[in-house]
Structures are given as C-alpha cells and as structure tokens.
Amino acid sequence: MLELRFIRENIDLVKAKTALRGGSIDLLDRFMTIDGRRLAALAEVEALKNRRNIVSRDIADFKKAGDEQQAQPLIDEMKETNQRIKELDDELIDIQEQLQQIVLTIPNLCDETVPQGRDEQSNIVIKTWGEKPAFSFTPKPHWEIGTDLGILDFERAAKISGARFAVLSGFAAQLERALINFMLDLHTKRHGYTEILPPVLVNAATMTATGQLPKFEEDLFRIKDWDLYLIPTAEVPVTNLHRDETLEEHHLPIKYTAYTPCFRSEAGSYGRDTRGLIRQHQFNKVELVKFTAPETSFAELESLLNDAEQVLQLLGLHYRVVTLCTGDLGFSAAKTYDIEVWLPGQEAYREISSCSNFLDFQARRGSIRYRPAGQKKSRLVHTLNGSGLAVGRTMVAIMENYQQQDGSIALPEALRPYLSNLA
C-alpha cells in the first residue's frame, strides 16, 4: 500500500496515477476529507493536552498554598478537558480505521516507463521469440485434441465439481506432472531459486499483505467458518514467508520458486476463455518470487522475465512479450511484463506468465524490511513475482503446437527425460 503521508503530500500525483489505471478519484477525495478531520482532531488533542499540563501545575500550586477555592474551577475544567480528550481519542481510532480501509483499496503507482492506455489494446509488444508452427492440416484446439485422445474429461469434472474444472488422465496427467518437475528443476538448478512447498490455505492477514484483500475478495474461495482462503497463486504464501521480518542486506536478493495448486472464482470474467483449460477454477502454477533492495529491483525484473522466458524457449514454443499499459496493470504492480504464447488451434496469443515489480507496495502492507549494511535504520524491501509458468496453459500450448495429423501429440525434446521417468 501507499504511505499515508505520501498520499497527503502528493495527492495530485496519486490522483493522476490512479486515473491512468481507471481508478476512483472520489475515493481519494474522501481520503483527504477524512484525513483533514484527523489532522484537526490531532491539533485539538495537542492543544487540550498542553492546556492540561499548564492547568495541572496551577492546581498543584493552589493546593500547595491551601487555596482550594481557586483550584476548584480549574479542577472542573480539567474534568471536561479529560472527557473531551477521550472523545477525540476514540474519534481518532475510528478515523484511522477508515483511512486504513481506504488506503488498502488504492492501487500502486505505475512506473514512468509503463505505457498509457485504457485496456489490453494499448499493451505494447516488445519482443517475439521463435516462429509460428506450420501445419499441413487444420490445427485443432486443445479441448478437441484432449477429448479425442481421451485424456481430458470436462463432463466428468462437471459432475464431480461443476463448470470450469477438468479431469486429466493418462498422458495429460503425466505431461502436467512432467512440466512441474521440469520447471522446478530449471529454476532451482540453473537460475538459483530455492524451492518452497507452502500451504495452499492462508489467513486474511496473508491475503491482505499481497493485495488480494480487501480489493479482490469476490475472486477468492473462502473456507466457511474459518479465517482461511484458498490461494489464487503461490505468490501469496511465499511473499508472506518474511512478513513482519527484517532481513539482512547481504542475503538479498532472495529468490524462491514454488509449485502449488491455485484457485480462483474468476468473478467478472464474463465468459472469456471459458472453453478448455485456459480459465479454470483450479489450476497448477510454478511461481517465482524475489525480495530485493530498491536499487536493483528493476534489473531483477528483467532477470525474472528472462527466467520465465527460458521455459518456453526450451520447450520450443513461439511467444511474445508485452508491457502492460496503465489500464491493464494489476492492482499491486508498478510494472508488468506478460508472456503470451501462440496457440495455433485458437489462432491467438494467450497470456501464460506475468512478471511484475511491486516496489515496496506489498512490503509496506506486510512489514517486510531489510537492514542496509552499516546502518541502524531499516528499509522496506521490493518484492517481485512471476509465474514460471501456468502449468495447464503450458500443456495447452504443447498440445496445440505439437499436435500431429494422426491426432497424437509429439513431445518437446526438453521434456522427454521427465516423461520417460513417469512412464
């Protein structure tokens, strides 16, 4: 979240940046109104306490001199003063809670390098890799390939759970498992990440620290009668590993990778990409999370992007990298790159990974700090996140890009060792 003082002292900048994202300016006007009440109440409390200090000394002097008649009016005044201070203290607690709730819904400020635009149509392609595959036949979408091969079953999944679930069997189940191991091995053995296997049920404080609450509560699955939510991404528990901690500078950057199932209600998706495996309520991801010093976070973002790209390069999948515009940027992110893979069966690019720099936005919410070498005062870290990639969507890309005319699926060379081990 943004700092209260920063918002107050830079309200025009915050309004302008929020407007670029399509956010509510009325909310910021409300913030300033309530914050004005807070400052007025604080000033009154300070004046009353100063008056109380002066009068308390006068009362003590009158009592010492035995002049109770002179002291009594002052004693009566102090009773009223103390009551008013208590009222103001209670009012300040309420005001502070109101301000906190508003601040938790104000998005991060977009970086100056983020292109301006209202929606995904204004995202800018900055890079492409590989070539679109050529077929001697009309390529099919993955849901047709998987159904024909008997490895994807949406009807039985609907019977078990409902819409937007899938049952993977045989080759599809093995392929998903192989991709998870392939990605984790790549990021731990080549890219220097430490593997984490975190809980997938987390509390509200954990969701709040990374920005899912209160803004996106409708997108989350909550456990009834428990203060627990199913995670939408491993970013949530992994970032919270260091909540309320102060790290040492020489340990930075800290780099974690984690495989988890993820769960999203997809509220507000309005039928987008609902066929097949693209937009499911439950899906698997391999996530990348970094904790860095502020001076190096944008360089670490480029490194994070390269790490995610290498997955697709080793799998031989054509993709492009786009910089998200202000209107398409996620709530907590200051800058985001999306990697979009080519799906020939759908004749479209689909987002398969997002790599974001959150600056100190999440760190302030989660109180994640570091102590610079030789300094006593700590600073907020910068946090970064990238999926290394959405496993199900990567499997979709393999199915559609490596489909054969006889209906079978060829394998990328990089996956052969993993599938032979699982056979």
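Residues numbered from 1 in each chain as written. Predicted model: local features only at pLDDT ≥ 70, side-chain atom pairs only at ≥ 80, totals over all residues. Heavy atoms only, no water.

Convention followed: UniProt positions are given in the numbering used here, feature names are shortened, and annotations may be inferred rather than shown by experiment.
Looking at an unreviewed UniProt entry, the chain carries the name Serine--tRNA ligase, with the source organism given as Desulfofustis limnaeus. As stated in UniProt under Subunit (unreviewed entry), the record for the chain gives "Homodimer. The tRNA molecule binds across the dimer."

1. A short note on the overall build of the chain
Test applied: The helix count covers DSSP runs of H or I at least four residues long, the strand count covers runs of E at least two residues long, and both are numbered beginning at the N terminus. In this setup the radius of gyration rests on C-alpha atoms only. A globule is expected at 2.2 Å times the number of residues raised to 0.38. A simple rule labels every residue: compare its accessible area, found with a 1.4 Å probe on the protein chains alone, to the largest value its type can have, and call it buried under 20%, exposed over 50%, or partly exposed in between. Contact criterion: two residues are considered in contact whenever any of their non-hydrogen atoms come within 4.5 Å of each other. The Shrake-Rupley method, run with a 1.4 Å probe sphere, supplies the accessible areas, and residue values consider only the shown protein chains as cover.
Across its full length, the chain holds 13 helices and 16 strands. Computed over C-alpha atoms, the radius of gyration of the chain comes to 28 Å, more than 25% over the 22 Å expected from 2.2 N^0.38 for 423 residues, which places it beyond the range of a compact globule. When its C-alpha atoms are laid out on the principal axes, the chain stretches across 110 × 50 × 40 Å. Taking all 423 residues of the chain together, the buried fraction comes to 49%. In the chain, the proportion of contacts linking residues at least 24 apart, taken out of those at least 6 apart, comes to 75%. With an accessible surface of roughly 20400 Å², the chain has 48% of that area assigned to carbon and sulfur atoms.

2. Notes on the UniProt feature "binding site: L-serine" (unreviewed entry) in the chain
Under the UniProt annotation, "binding site: L-serine" (unreviewed entry) lies at Thr233, Ala234, Glu235, Glu287 and Ser387. What stands out for the annotated residues spanning 155 residues is how close their C-alpha atoms remain, the widest pair being 9.0 Å apart. Assignment of secondary structure puts Glu235 in helix 9 (residues 235-239). With residues up to four places along the chain from it excluded, the contact list for Glu235 reads Thr210, Gln212, Glu287, Val289, Phe358, Gln362 and Asn385. On the secondary structure map, Ser387 appears in strand 16 (residues 382-390). In this structure Ser387 touches Lys285, Val286, Glu287, Ala308, Ile352, Ser353 and Ser354, once residues within four positions along its chain are discounted.

3. With respect to the UniProt feature "coiled-coil region" (unreviewed entry) in the chain
The feature "coiled-coil region" (unreviewed entry), as given by UniProt, occupies residues 71-105 in the numbering adopted here. A helix fraction of 94% and a strand fraction of 0% characterise residues 71-105, whose end C-alpha atoms lie 51 Å from each other.

4. Considerations on the pattern of salt bridges
For the record, the criterion: Here, a salt bridge means any side-chain nitrogen of Lys or Arg that lies within 4 Å of a carboxyl oxygen of Asp or Glu.
Applying the stated criterion across every chain yields a total of 22 salt bridges. Between Glu112 and Lys17 there is a salt bridge; the shortest N-O distance is 2.7 Å. Here the residue Glu112 occupies a position in the loop between helix 4 (68-103) and strand 1 (124-129), and Lys17 occupies one in helix 2 (residues 11-20), the gap between them amounting to 95 residues. What makes Lys17 buried here is its relative accessible area of 8%. Linking Arg222 and Glu217 is a salt bridge whose minimum nitrogen-to-oxygen distance equals 4.0 Å. The partly exposed category is assigned to Glu217, whose relative accessible area is 37%. Residues participating in the shared-partner salt-bridge network are Arg8, Asp35 and Arg38.

5. A closer look at the environment of Glu309
As a reminder of what qualifies: Residues adjacent in sequence count toward polar contacts only when both atoms are side-chain atoms; beyond that, a polar contact is any pair of N or O atoms within 3.5 Å, and within protein one must be able to donate a hydrogen and the other to accept it.
Among the secondary structure elements, Glu309 is positioned in helix 10 (residues 297-314). Taking relative accessible area as the criterion, Glu309 reaches 2% and is therefore assigned buried. Distance in space between the C-alpha atoms of Glu309 and Ile339 is 7.5 Å, their sequence separation being 30 residues. The contact partners of Glu309, leaving out residues within four places of it in the chain, are Lys127, Tyr319, Val321 and Ile339. For Glu309, the side chain forms a polar contact with the side chain of Lys127, separated by 2.7 Å.

6. Quick word on the packing of helix 5 (residues 142-149) against helix 12 (residues 391-401)
For any two helices packed against each other, one specifies the crossing angle of their axes together with the interaxial distance. The criterion, for reference: Geometry is summarised by axes, namely lines fitted to C-alpha atoms with helices restricted to the contacting stretch, and by angles between N-to-C directions that run from 0 to 180 degrees. What sets the label is the angle itself: under 35 degrees gives roughly parallel, over 145 gives roughly antiparallel, 65 to 115 gives roughly perpendicular, and the rest give oblique. Basically, the charged four are Asp, Glu, Lys and Arg, the nonpolar ten are Ala, Val, Leu, Ile, Met, Phe, Trp, Tyr, Cys and Pro, and anything else, Gly included, counts as polar.
Across the interface, helix 5 lies against helix 12 with an axial gap of 9 Å and an inter-helix angle of 80°. Taken together, the axis directions place helix 5 and helix 12 in an arrangement best described as roughly perpendicular. Here helix 5 contributes His142, Ile145 and Gly146 to the contact with helix 12, which in turn contributes Val396, Met399 and Glu400. When its residues are assigned to classes, the contact of helix 5 with helix 12 shows 3 nonpolar, 2 polar and 1 charged.

7. Examining helix 7 (residues 171-190)
Heads up, the condition is: Multiplying 1.5 Å by the residue count of a helix minus one yields the expected span of that helix.
For helix 7, built from 20 residues, the straight-helix expectation of 28 Å at 1.5 Å per residue is met to within 8% by its first-to-last C-alpha distance of 27 Å. Within helix 7, burial applies to Ala172, Leu175, Glu176, Ala178, Leu179, Ile180, Phe182, Met183, Leu184, Leu186 and His187. Gly192 sits one or two residues past helix 7 and shows a positive phi near 80°.

8. Considerations on the sheet that holds strand 5 (residues 201-202)
So the rule is basically this: One requirement defines pairing of two strands: DSSP has to find at least two bridges between them.
Strand order across the open sheet formed by 3 strands is 5-7-6, with antiparallel pairing between neighbours. If you trace the sheet from one side to the other, it starts and ends with strand 5 and strand 6 (221-222), each paired once. Sheet analysis places strand 6 next to strand 7 (residues 229-230), joined by 2 bridges and oriented antiparallel. In the strand pairing of strand 7, Phe221 is matched with Leu230.

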